[in-house]
Structure formats: C-alpha cells, structure tokens
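Letter by letter, the chains look like this.
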Amino acid sequence: MQQISDDEGPIHWLDLPNLRLKPKADELNHVLSKLVVQLHNFDEIPDLDQGTTRWLTQLVAHDLEWIDESTAQAIRDSAAHRLAQQCGITARADVTRAVDVGELKIQLLEPGLTTDKLGMKTWGAALVLAKRLVAEPSLLEKSCIELGAGTGLVGITAAKLGAQIVLTDLEEIVVNLERNVLSNNLNCPCHVLDWSDPHSSVLAGQKFDLILISDPVYSVEHPEALLASIAMLDARKVILEVPLRPKYDNERNAVYTGLYELGYNRDRFEYDDGRDDFGPSKYVFSYWTKDR
Ligand SMILES: C[S@@+](CC[C@H](N)C(=O)[O-])C[C@H]1O[C@@H](n2cnc3c(N)ncnc32)[C@H](O)[C@@H]1O
C-alpha cells in the first residue's frame, strides 16, 4: 500500500496543515487526496505514521467552523475514510489496487467490508493465473467464460489479450465486477452465474471453448456446485488455479475427481509460487481438455 503522491512527493506529517490556522477547504482536500491509499499488487502495507494518524483523527472530530457545513462534513468523511482504509483486510474501507500483469496495468476497485463477500477483493491465485496467461496467451481460446471472477483480474487480463470473455459471479459481486471492466476500458459482459443454480443464468445453454477459474473452493458445498456449472457449460477446456490451502485439500481433490468424471483429461499440473495480502502462498495450475 502506498500513499498516492503527485510531483510534490508524499506528505510528511510535519507538513500537514495546522488546523488552528483554519486552512481552506481546498488545501485540506488536496492533502487528503494525497493521503488516499492505493494498493499495488500484493505489496506489504506500511502503517500510517503516528503524526498523520493523529492529524486525521483530529480532523474527523473537528467542527471546521470556518468552512460551510456540507463541505466540512465531506472533509471529515474523507479523513474518516482514509483512517478506515488502514483497518485490517476484512474491515477496511474501499481501496483501489493497481496490478501489474507483465506489461499490462490493471486497476481494480475493492469495496470495503468484504468479510462474507470474498469476491470483493483480489486473491493471489488470480494474479498467478493472469501472469501465466500473459506469458502463454496461446492457452486462451476465442470464446471464454470465467466463473467466480471476483474483482475480475483474470477475465480482464484475458480480454486485454484479445479473448472474448464473459465474466461471471454471484449477483452481489457482479456490480463491482462491471465497474472494474469499465474502468479498464473494456466492455466484456458480466453476468450472474450462481454455481448452486447455474441453469437460472442467462448464460445457460451457451457454449464456450474455455472456462477459467481461480480460487473457487473454500466450502464443502463448492465442489459439487462448481462442477454442476462446468457440466452445464460443457467447454472443451478448463483452466483452474487454486491455492494449496491444506484445510481445503478434500474440496480441491473433489473438483479434480469431478472433472475426470465429466470426461476431462488433466493435460498439465504445475505448482506456482505467489502471494496475497496474507503473505507468500503456493498455488497449483491445472489444464483440462475433453472432446466434445
Ligand atoms: C476466493 S474468491 C476468488 C475470486 C477471484 N477468482 C480471484 O481469484 O481473485 C471466490 C469467488 O467465488 C465466488 N463464488 C462463491 N460462491 C459462488 C457461487 N455459488 N456461485 C458463483 N460464484 C461464487 C465468490 O463470489 C468469489 O468471487
């Protein structure tokens, strides 16, 4: 995480405007805009220094009586938002993550309060798979679909590489997914495809050459539901990137077994190193094909 800085460089807390001197709203807004957090890949998150934290806290509590009330409230909200960005991953306010996938630069908005909505943040498997697609674009097919796309890193990368791709996820995730597609100057469709009821999706009955999936299983219900969606889509190829979380060994293996049962052959199986917000992590890439 870094503080966005313009040509003037990052702000040192000693240079923050003294609130006793009644700084103008423009000056406060300028400083606050420079303090906004932007994540970069999965880089370490430096803490806010104490002086800046104290200043932001004072600002949140200040009545800013020299500024009109609606502008003052917006400034207080902005200071509170900046402090909330510093909270732990499951409690922090929304942030933007800039991701470098080889030469590709992708911006992803990650809304706050993601505790029970894992698709609101970007996971390490997505970056590992996105990098692989950039290194091996021949893996992609003309018509692709991504399941459980989350913030869209894999699908957006595939689209930037020229694939026609439909990104899918749960209804509550698709709104942010669409936003991320647009903010990366793309217009690929985003649709609801709930693995627990895939036939209700507008995509039921459509055929794709390739299904892309990153980090899909973290509950006992997931393998069966995911496999039902894969069976419905009946693509010739499936690419899966999963983290090696020991807790979910059974679920991961259930997906592999299910893919064999659906008639897929596993043509490739390779370990990848990566990291996410929680630190370094191991992943496994698998590539599945079948005759249709
Ligand atoms: C761990 S996140 C991975 C997100 C993204 N693929 C990534 O790697 O950054 C799991 C994703 O699966 C989605 N998901 C979970 N259950 C689902 C279901 N029943 N139907 C569709 N998507 C689901 C979540 O919304 C979330 O986006």
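Residues numbered from 1 in each chain as written. Predicted model: local features only at pLDDT ≥ 70, side-chain atom pairs only at ≥ 80, totals over all residues. Heavy atoms only, no water.

Labelled according to an unreviewed UniProt entry, the chain appears under the name Protein-lysine N-methyltransferase EFM2, originating from Wickerhamiella sorbophila.

### Concerning the nonpolar core
Membership of the largest hydrophobic core comes to 34 residues, with the highest contact counts inside it found for Leu153 and Leu212. Elements with a minimum of two residues in this core: β3 (95–101), β4 (104–110), α4 (124–135), α5 (153–160), β6 (164–169), α6 (171–183), β8 (210–214) and β11 (279–289). Among residues more than four places away in sequence, those in contact with Leu212 are Leu129, Leu133, Leu140, Ile145, Glu146, Leu147, Val154, Ala158, Ile165 and Ile239. If you look at the next biggest cluster of nonpolar residues, it comprises 26 residues, including Ile145, Leu203, Leu226 and Leu227. (Core = buried A, V, L, I, M, F, W, Y, C linked by side-chain atoms within 4.5 Å. Buried < 20%, exposed > 50% of the residue type's maximum accessible area, 1.4 Å probe, protein only. Helix = DSSP H or I, 4+ residues; strand = E, 2+ residues; numbered from the N terminus. Contact = heavy atoms within 4.5 Å.)

### What to know about the domain arrangement of the chain
According to the domain assignment, the chain consists of domain 1 (2–84) and domain 2 (115–289). Relative to domain 2, the C-alpha centre of domain 1 lies at a distance of 38 Å. (Domains from an automatic or database assignment.)

### A short note on the sheet that holds strand β5 (residues 143–147)
In any sheet, the strands associate via hydrogen bonds between backbone groups, in a parallel or an antiparallel arrangement. The strand order across the open sheet formed by seven strands is β7-β6-β5-β8-β9-β11-β10, and the pairing between neighbours is mixed. Edge positions in the open sheet fall to β7 (190–192) and β10 (265–276), since each of these has one partner strand only. The mean inter-strand angle of the sheet, taken between neighbouring strand axes irrespective of direction, is 20°. The pairing of strand β9 (residues 237–243) with β11 spans seven bridges and is antiparallel. (Pairing = 2+ DSSP bridges. Axes fitted to C-alpha atoms, helices over the stretch in contact; angles between N-to-C directions.)

### A few points about the packing of aromatic side chains
This model, assessed by the stated rule, comprises five aromatic pairs. Aromatic pair Tyr260 and Trp288: ring centres 5.0 Å apart, planes at 70°, arrangement edge-to-face. Of the two residues, Tyr260 sits in helix α8 (residues 249–261) while Trp288 sits in strand β11, which places them 28 residues apart along the sequence. Between Phe269 and Tyr271, the ring centres sit 5.6 Å apart and the planes meet at 80°, which makes this aromatic pair edge-to-face. Judged by relative accessible area, Phe269 falls into the partly exposed class, the value being 33%. An aromatic cluster is present here, built from Tyr256, Tyr260, Phe269, Tyr271 and Trp288 joined pairwise through their rings. It is Lys121 that lies over the ring of Trp123; its NZ or CZ is 4.8 Å from the centre. When the ring centre of Phe269 is taken as reference, the NZ or CZ atom of Arg266 above it lies at 4.0 Å. (Phe/Tyr/Trp six-rings, centres within 6.5 Å; stacked < 30°, edge-to-face > 60°. Lys NZ or Arg CZ within 6 Å of the ring centre and 35° of its normal.)

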